[in-house]
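# Architecture and fold: a report
So you can see what is in the structure, the chains are spelled out below.
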Amino acid sequence: MVRNIVVLGGSSHPELAHMICQQLGIPDGRITLSKFAVGETRVEIQDSVRGKDVFVIQSGCGRVNDHLIELLITISACKTASAKRVTAVLPHFPYSRQSDIPYNKTGAPLAKTGNSHGKDFTFESRPVTPGPQHYDHGPAFSHGGLERELSRLAVERNSDVNVNGIAGTNGRTNPSHSHSSTIPGTPLRRTNTTESLPNGRSFGFNNDWAPNRANTGYKQWVAQAGTLVADLLTCAGADHIITMDLHDPQYQGFFDIPVDNLYGRPLLQRWIKYNIPDYENAVVVSPDAGGAKRATAIADALGMEFALIHKERRPTRITERQNATMMLVGEIRGKVAILVDDMADTSNTITRAAKLLKTKGGATKVYALVTHGVFSGDAIERINASALDRVICTNSVPQEEHRRSCPKLLVLPVHEVFAEAIRRVHHGESISVLFSN
């Protein structure tokens, strides 16, 4: 039994919180979670947390925004009640797919070159190869041209003859200089203005040189929700974060507090080893290039072959929407294919990959192993009608309803992993052993 520890479960996954408390040998933390008539969240902690180590378990599933606000209020309530340390345990981290500003293949805009030849320039992700070109070095955009313009101004100013020994005559010239083209009694010609520059360009800035945002690949007005969620958890009072299989590992860098990203890979490897006959001859397949590193880690650990599905998005001529074209890289004919991914949301990627592996790849069986089975929308119906023979996921999110609707679904428990991580963090022990075993 662990002492001086309180484990509070949120409304997102109370079953997982209860299983963790049973594994630790402690009673469930008493907490009241409700909503006011207006929809605001109400949190009341009924156990004393003064001077104790508090762990709040809340998974990012279902009503994600409500669960996130509930987690923040619970953390703040524990800090207000003088808890010694508050650790947020998020088996499935919310907003983990929005860790950075998205961009398309054209990338961020580069500096635009001069449009002196009347060409239609667009922003590209990489500059073109420079060649012999003629550039109009005007005074507004060239260092040498600016020096020549300043020299000409100095000459014109010196030609303004003094009157009574005073430099400058309010823009009037000496009639004795017959070679001057300036009419006596008229001001000097204005320079560096719209009237004096070619093509009506003004000095410094022009609308022609403003960034053409319609042609850029960079999405200017997309918020960085990942950074915001990290700041919210820190400001609410969280001292430590425990999660599993972040969609993007760089998410840990957004926090100023320790983050322990546990791996679901050992659970998946154990299932492959004990449930797939002759697993050494099977092939681990990554459904996209982003999960190649995750799939190769499992393949190397079990001594299996590896294949990759390349997904290229090209706009169609009719709707100009992004349609993905999938292509298999590797040989799987006559073998068992094991798709490995960190998350299955709509299940569109894994179902299309399974169809490709069986129809064109010639795989005998196709298994899908995912850490977080979110299965939103019509994902369960899509899996039931797909070429997948089995879908294996963890209970990082509730799976009871999904398991009743999908006979192909198998759920692996993760409460032992999180319970051991909580115990080691509470006693100040290392959790590196959980990354491999």
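Read on for an overview of the structure. Note that the structure is a prediction, hence the values are computed from the model and not measured. (Residues numbered from 1 in each chain as written. Predicted model: local features only at pLDDT ≥ 70, side-chain atom pairs only at ≥ 80, totals over all residues. Heavy atoms only, no water.)

### Looking at the overall build of the protein
Counting its secondary structure elements, the protein contains ten helices and 14 strands. Counting the 437 residues in the protein, one finds 41% classified as buried. Residue pairs in contact within the protein that sit at least 24 positions apart in sequence constitute 61% of those at least 6 positions apart. Roughly 24,500 Å² of accessible area belongs to the protein as shown, and the carbon and sulfur atoms make up 51% of that amount. (Helix = DSSP H or I, 4+ residues; strand = E, 2+ residues; numbered from the N terminus. Buried < 20%, exposed > 50% of the residue type's maximum accessible area, 1.4 Å probe, protein only. Contact = heavy atoms within 4.5 Å. Areas by Shrake-Rupley, 256 points an atom, 1.4 Å probe, with all protein chains shown as cover.)

### Here we look at the pattern of salt bridges
Enumeration according to the criterion identifies 16 salt bridges in this entry. In this structure, Asp53 engages Arg85 in a salt bridge whose closest nitrogen and oxygen atoms are separated by 2.6 Å. Linking Asp53 in strand E4 (residues 53–57) with Arg85 in strand E5 (residues 85–90), this pair joins segments that are 32 residues apart in sequence. Assessed through its relative accessible area of 26%, Arg85 is described here as partly exposed. Its salt-bridge partner being Asp378, residue Arg382 comes within 3.3 Å of it at the nearest N-O pair. Each of Glu420, Arg423, Arg424 and Glu429 takes part in one network of salt bridges that share partners. (Salt bridge = Lys/Arg side-chain N within 4 Å of Asp/Glu carboxyl O.)

### Side note on the environment of Val7
Residue placement: Val7 occurs in strand E1 (residues 5–9). Residues Val7 and Val56 lie 49 residues apart in sequence; the distance between their C-alpha atoms is 6.0 Å.

### So, the packing of helix H1 (residues 14–24) against helix H10 (residues 415–427)
One way to put it is that H1 packs onto H10 with a least axis distance of 9 Å and a crossing angle of 55 degrees. Taken together, the axes of H1 and H10 are oblique relative to one another. Here H1 runs over H10; the crossing is right-handed. Of H10, the residues touching H1 (which contributes Leu16, Met19, Ile20, Gln23 and Leu24) are His415, Glu416, Phe418, Ala419, Ile422 and Arg423. Considering only residue class, the contact of H1 with H10 consists of seven nonpolar, two polar and two charged. (Axes fitted to C-alpha atoms, helices over the stretch in contact; angles between N-to-C directions. Parallel < 35°, antiparallel > 145°, perpendicular 65-115°, else oblique. Left-handed = near helix turned anticlockwise from the far one by under 90°. Nonpolar A, V, L, I, M, F, W, Y, C, P; charged D, E, K, R; others polar.)

### Quick notes on the nonpolar core
Grouped together as the largest cluster of nonpolar side chains are 44 residues, with contacts concentrated most on Leu262, Ile272 and Ile338. Per-element accounting of this core gives the leading share, six residues, to H10. (Core = buried A, V, L, I, M, F, W, Y, C linked by side-chain atoms within 4.5 Å.)

### With respect to the packing of aromatic side chains
Applying the stated criterion across every chain yields a total of five aromatic pairs. Between Phe93 and Phe255 the ring centres are 5.9 Å apart and the planes differ by 85 degrees, which places this aromatic pair in the edge-to-face class. With Phe93 in the loop between E5 and helix H3 (143–158) and Phe255 in the loop between strand E6 (240–244) and strand E7 (259–262), this residue pair connects regions lying 162 residues apart in the sequence. Each member of the pair, Phe93 as well as Phe255, is classed as buried. The rings of Phe93, Tyr251, Phe254 and Phe255 are connected pair by pair, giving a single aromatic cluster. (Phe/Tyr/Trp six-rings, centres within 6.5 Å; stacked < 30°, edge-to-face > 60°.)

### Let's talk about the pairing of E1
Among the five residues in E1, five count as buried, and that is most of the element. Here E1 shows a buried face lined by Ile5, Val7 and Gly9 and a second buried face lined by Val6 and Leu8. With five bridges joining them, E1 and E4 adopt parallel strand pairing. Across the sheet, residue Val7 finds its bridge partner in E4, namely Phe55. (Pairing = 2+ DSSP bridges.)

### Here's the deal with the sheet that holds E1
Ordered in space as E1-E4-E5-E6-E7, the five strands form an open sheet in which the pairing is parallel. The open sheet has two edge strands, E1 and E7, and neither has a second partner. Across the sheet, the axes of successive neighbouring strands diverge by a mean angle of 15 degrees, strand direction being ignored. Relative to E6, E5 is paired through four bridges, and the arrangement is parallel. Along E6, the bridge assignment pairs Ala88 with Ile241.

### Some remarks on the pairing of E5
E5 sits mainly inside the fold: five of its six residues count as buried. The parallel pair E4 and E5, bridged by helix H2 (residues 64–80), forms a crossover whose chirality is right-handed. (Right-handed = clockwise from strand over helix to strand, strands pointing away.)

### Some thoughts on helix H5 (residues 265–275)
Those residues of H5 that fall on the buried side of the exposure criterion are Pro266, Leu267, Leu268, Gln269, Trp271 and Ile272. Considering only its buried residues, H5 is in contact with helix H6 (292–302), strand E11 (336–344), strand E12 (365–373), strand E13 (390–394), strand E14 (409–412) and H10.

### Examining unusual backbone geometry
Trans peptide bonds make up most of the peptide bonds, and negative phi angles are found at most residues other than glycine. Although it is not a glycine, Asn4 adopts a positive phi angle of roughly 55 degrees. Within the element layout of this structure, Asn4 appears in the segment before E1. Judged by relative accessible area, Asn4 falls into the exposed class, the value being 55%. Non-glycine residue Ser347 carries a positive phi angle of around 65 degrees. Assignment of secondary structure puts Ser347 in the loop between E11 and helix H7 (348–359).

### Remarks on H10
Since one α-helical turn is 3.6 residues long, residues separated by three or four positions face the same way. An ideal rise of 1.5 Å per residue puts 18 Å on 13 residues; H10 measures up with 18 Å between its terminal C-alpha atoms. Buried within H10 are the following residues: His415, Val417, Phe418, Ala419, Ala421, Ile422, Arg424, Val425 and His426. (Expected span 1.5 Å × (residues − 1).)

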